[in-house]
Amino acid sequence: MMILLPPSETKRPGGRSAPADPSAWALPGLRHQREQVLDALVALAADAEATRRVLKLSDKQLAEAVHDNAGLRTAPVMPAVDRYTGVLYDALDAASLDGYARRWLGAHALVHSAPYGPVGALDPIPSYRLGAGASVPGLPPLRRLWADAVSAAFSAAAPDFVLDLRSEAYADLGPVPTDVPSAYVRVVTEQGKALNHFNKHAKGELVRRFATERPKVGSRRTLLNWAARAGVPLRETAETGVLELVTDQPTARK
């Protein structure tokens, strides 16, 4: 199984002093697009006012964004799953997982970022500032840049099954191709109402369950069978390719 996660706007600073190496990340066929975006962001960072305008930043955000993007080729790196913070990643709490669980994440989970495309959970990445909807000078629209290339990379990776936990904005940057068995997950209440904050928390908790229990999931049916046994409220929908994860509020982990 391959799990696709969204990124987060908030990120942990610092890391190991080593330059980013896009050729060493998961889905190496995306190296060309990665290099294009890195070059464009480094160039943009040379103009603070252009950076503010393009990335729609406040005064408080600008200095950090310029610093991070200017240093994309030389800045410290850390595993993607540790780099991101925020509701989903706080619920996943990857730093507290044991080595077996972290290796499982590295083998099965990808984080889909705007500048790097999908990278492995343990791939070492630098901090950056770029959202899925930005239009960066020198680049085509991100959807045009990424969508076909990412879809082709998914096909080449040939996973048995893809569980897509991305937001719609990031799913648009790399649709799972129709020849790859997959399910897109929406988080809802028992009554079917979509959730926002709890959506992210529920997804983080679900991925933590996968990493700690490491079930053998190779299809939609085996996923649903595991969920039923594990007490995970994952259910079918009338919409093709969509599953619902039912939650009303986050459950505190003991």
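Look up a bit, the structure's there.
Calculation notes
Residues numbered from 1 in each chain as written. Predicted model: local features only at pLDDT ≥ 70, side-chain atom pairs only at ≥ 80, totals over all residues. Heavy atoms only, no water. Helix = DSSP H or I, 4+ residues; strand = E, 2+ residues; numbered from the N terminus. Rg over C-alpha atoms; globule rule 2.2 N^0.38 Å. Buried < 20%, exposed > 50% of the residue type's maximum accessible area, 1.4 Å probe, protein only. Areas by Shrake-Rupley, 256 points an atom, 1.4 Å probe, with all protein chains shown as cover. Pairing = 2+ DSSP bridges. Axes fitted to C-alpha atoms, helices over the stretch in contact; angles between N-to-C directions. Contact = heavy atoms within 4.5 Å. Core = buried A, V, L, I, M, F, W, Y, C linked by side-chain atoms within 4.5 Å. Parallel < 35°, antiparallel > 145°, perpendicular 65-115°, else oblique. Nonpolar A, V, L, I, M, F, W, Y, C, P; charged D, E, K, R; others polar. Salt bridge = Lys/Arg side-chain N within 4 Å of Asp/Glu carboxyl O.

### Brief notes about the overall build of the protein chain
Phase 1: Helix and strand counts for the protein chain come out as ten helices and nine strands.
Phase 2: Computed over C-alpha atoms, the radius of gyration of the protein chain comes to 18 Å, within 12% of the 18 Å expected from 2.2 N^0.38 for 254 residues, which places it in the range of a compact globule.
Phase 3: In terms of its C-alpha atoms, the protein chain occupies a principal-axis envelope of roughly 55 × 40 × 35 Å.
Phase 4: Within the span of the protein chain, comprising 254 residues, buried residues form 53% of the whole.
Phase 5: Of the roughly 11900 Å² of accessible surface on the protein chain, 52% is carried by carbon and sulfur atoms.

### Quick word on the sheet that holds strand E1 (residues 2–5)
Phase 1: Across the sheet, which stays open at both edges, the seven strands sit in the order E4-E3-E1-E6-E7-E9-E8 with mixed pairing between neighbours. The sheet terminates laterally at strand E4 (117–120) and strand E8 (234–236), the two strands that pair on one side only. Taken over all neighbouring pairs, the strand axes of this sheet differ in orientation by 30 degrees on average, direction set aside.
Phase 2: Pairing geometry for strand E3 (residues 109–113) and E4, over four bridges, is antiparallel. Residue His 112 lies in a different strand from E4, and its bridge partner there is Pro 118.
Phase 3: Strand contacts of helix H10 (residues 220–230): strand E6 (162–164), strand E7 (182–188), E8 and strand E9 (242–246), with the helix running at about 135 degrees to E8, the strand carrying the most contacts.

### Points about the environment of Pro 22
Phase 1: Residue placement: Pro 22 occurs in the loop between E1 and helix H1 (31–45).
Phase 2: Among the residues examined, Pro 22 registers a relative accessible area of 3% and is labelled buried.
Phase 3: Dropping the residues within four chain positions of it, Pro 22 is found in contact with Arg 34, Glu 35 and Leu 38.

### Quick look at the nonpolar core
Phase 1: If you look at the biggest cluster of nonpolar residues, it comprises 82 residues, and the most contacted ones within it are Ile 3, Leu 105, Leu 130, Leu 163, Phe 210 and Leu 223.
Phase 2: A total of seven residues in this core trace back to one element, the largest contributor, which is helix H7 (residues 142–157).

### Topic: the packing of helix H9 (residues 197–213) against H10
Phase 1: Running from amino to carboxyl end, H9 crosses H10 at an angle of 90 degrees, the nearest separation of the two axes being 13 Å. Between H9 and H10, the angle falls in the class roughly perpendicular. Taking contact as the criterion, the partners of Leu 206, Arg 209, Phe 210 and Glu 213 in H9 are, on H10, Leu 223, Trp 226 and Ala 230.
Phase 2: The class makeup of the residues in the contact of H9 with H10 is five nonpolar, no polar and two charged.

### Observations concerning the pattern of salt bridges
Phase 1: In the structure shown here, the tally under the stated rule is 14 salt bridges.
Phase 2: Where Glu 35 meets Arg 73, a salt bridge forms, and the shortest distance between an N and an O atom there is 2.6 Å. Placement of Glu 35 in helix H1 and of Arg 73 in the loop between helix H3 (59–70) and strand E2 (78–79) is noted, with a sequence separation of 38 residues between them.
Phase 3: Here Arg 73 makes a salt bridge to Asp 39, at a shortest N to O gap of 2.6 Å. Placement of the pair is Arg 73 in the loop between H3 and E2 and Asp 39 in helix H1, with a sequence separation of 34 residues.
Phase 4: The class of Arg 73 is partly exposed, set by a relative accessible area of 30%.
Phase 5: For Asp 39, a relative accessible area of 45% puts it in the partly exposed group.
Phase 6: One salt-bridge network, in which partners are shared between bridges, spans Arg 31, Glu 35, Asp 39 and Arg 73.

### Points about the pairing of E3
Phase 1: Within E3, five of the five residues are buried, leaving the element largely enclosed by the surrounding structure.
Phase 2: With burial as the criterion, each face of E3 is covered, one bearing Ala 109, Val 111 and Ser 113 and the other bearing Leu 110 and His 112.
Phase 3: The pairing of E1 with E3 spans three bridges and is classified as parallel. Residue pairing for E3: Leu 4 is matched across the bridge by Leu 110.
Phase 4: Here E3 folds back onto E4 in antiparallel fashion, the turn holding three residues.

### Concerning the pairing of E7
Phase 1: Within E7, five of the seven residues are buried, which leaves it mostly tucked inside the rest of the structure.
Phase 2: As defined by bridge partners, E6 adjoins E7 across three bridges and the pair is classed as parallel. Considered in E7, the bridge of Val 162 is made with Ser 182.
Phase 3: Note that E7 and E9 share five bridges and pair parallel. Among the inter-strand pairings, Val 185 is bridged to a residue of E9, identified as Leu 243.

None of the figures reported here should be taken as evidence of function without further support.
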